[in-house]
Amino acid sequence: MEFQDKVLKCVDCGADFVFTSGEQLFFHDKQFKNEPKRCKGCKNKRSQSLGLSQGGGAQRFETRAICSGCQRETTVPFKPTQGRPVYCRECFQQRKTTAASA
């Protein structure tokens, strides 16, 4: 299958951007069904506003929380959801091991 560069319009800023043949090949290989909707600039802004990592270096953030198992302060790599238990690494591993053997 041969791809050719396409000019698309960004849904956020309305600017034209090129959907290259290489990008199309990548989308085809990954079996993505939809073409991109945003230019690189708007895609990066959107990713930052949603707290997503961009390409190469994954941004990690830690949130302080109290472990629901041992009541010690710990950090977790996500924002805890209200009403859901949060476990430190040791309690999480212990629960995982217990669940696997049951």
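Bear in mind the structure is a predicted one, so any value in this text is a computation, not a measurement.

A. Focus on the pattern of salt bridges. Throughout the structure, instances matching the rule amount to 6 salt bridges. Across the pair Asp16 and Lys9 runs a salt bridge, and its minimum N-O distance is 3.3 Å. Lys9 shares its class with Asp16; the two are exposed. When the shortest N-O distance is used, the salt bridge between Arg72 and Glu90 registers 3.3 Å. Placement of the pair is Arg72 in the loop between strand S3 (63-66) and strand S4 (73-76) and Glu90 in helix H3 (residues 89-101), with a sequence separation of 18 residues.

B. Here's a closer look at the packing of aromatic side chains. In this structure the tally under the stated criterion is 4 aromatic pairs. Geometrically, the ring pair formed by Phe19 and Phe27 is edge-to-face, given 5.1 Å between the ring centres and 75° between the ring planes. Look at Phe26 and Phe32: their rings are 6.2 Å apart centre to centre, the planes differ by 70°, and that puts the pair in the edge-to-face class. Phe32 sits in the partly exposed class, given a relative accessible area of 45%. An aromatic cluster is present here, built from Phe19, Phe26, Phe27 and Phe32 joined pairwise through their rings.

C. View of the nonpolar core. Of all hydrophobic cores here, the largest spans 6 residues; its members are Leu8, Cys10, Phe17, Phe19, Cys39 and Cys42. Ignoring sequence-local partners within four residues, the contact set of Leu8 consists of Ala15, Asp16, Phe17, Phe19, Glu35 and Pro36.

D. Here's a closer look at the pairing of strand S1 (residues 6-9). In this structure, S1 lies alongside strand S2 (residues 16-19), joined through 4 bridges in antiparallel fashion. When the sheet's bridge partners are listed, Val7 is paired in S2 with Val18. Here S1 folds back onto S2 in antiparallel fashion, the turn holding 6 residues, of which Gly14 has a positive phi close to 80°.

Calculation notes
- Residues numbered from 1 in each chain as written.
- Predicted model: local features only at pLDDT ≥ 70, side-chain atom pairs only at ≥ 80, totals over all residues.
- Heavy atoms only, no water.
- Salt bridge = Lys/Arg side-chain N within 4 Å of Asp/Glu carboxyl O.
- Buried < 20%, exposed > 50% of the residue type's maximum accessible area, 1.4 Å probe, protein only.
- Helix = DSSP H or I, 4+ residues; strand = E, 2+ residues; numbered from the N terminus.
- Phe/Tyr/Trp six-rings, centres within 6.5 Å; stacked < 30°, edge-to-face > 60°.
- Core = buried A, V, L, I, M, F, W, Y, C linked by side-chain atoms within 4.5 Å.
- Contact = heavy atoms within 4.5 Å.
- Pairing = 2+ DSSP bridges.

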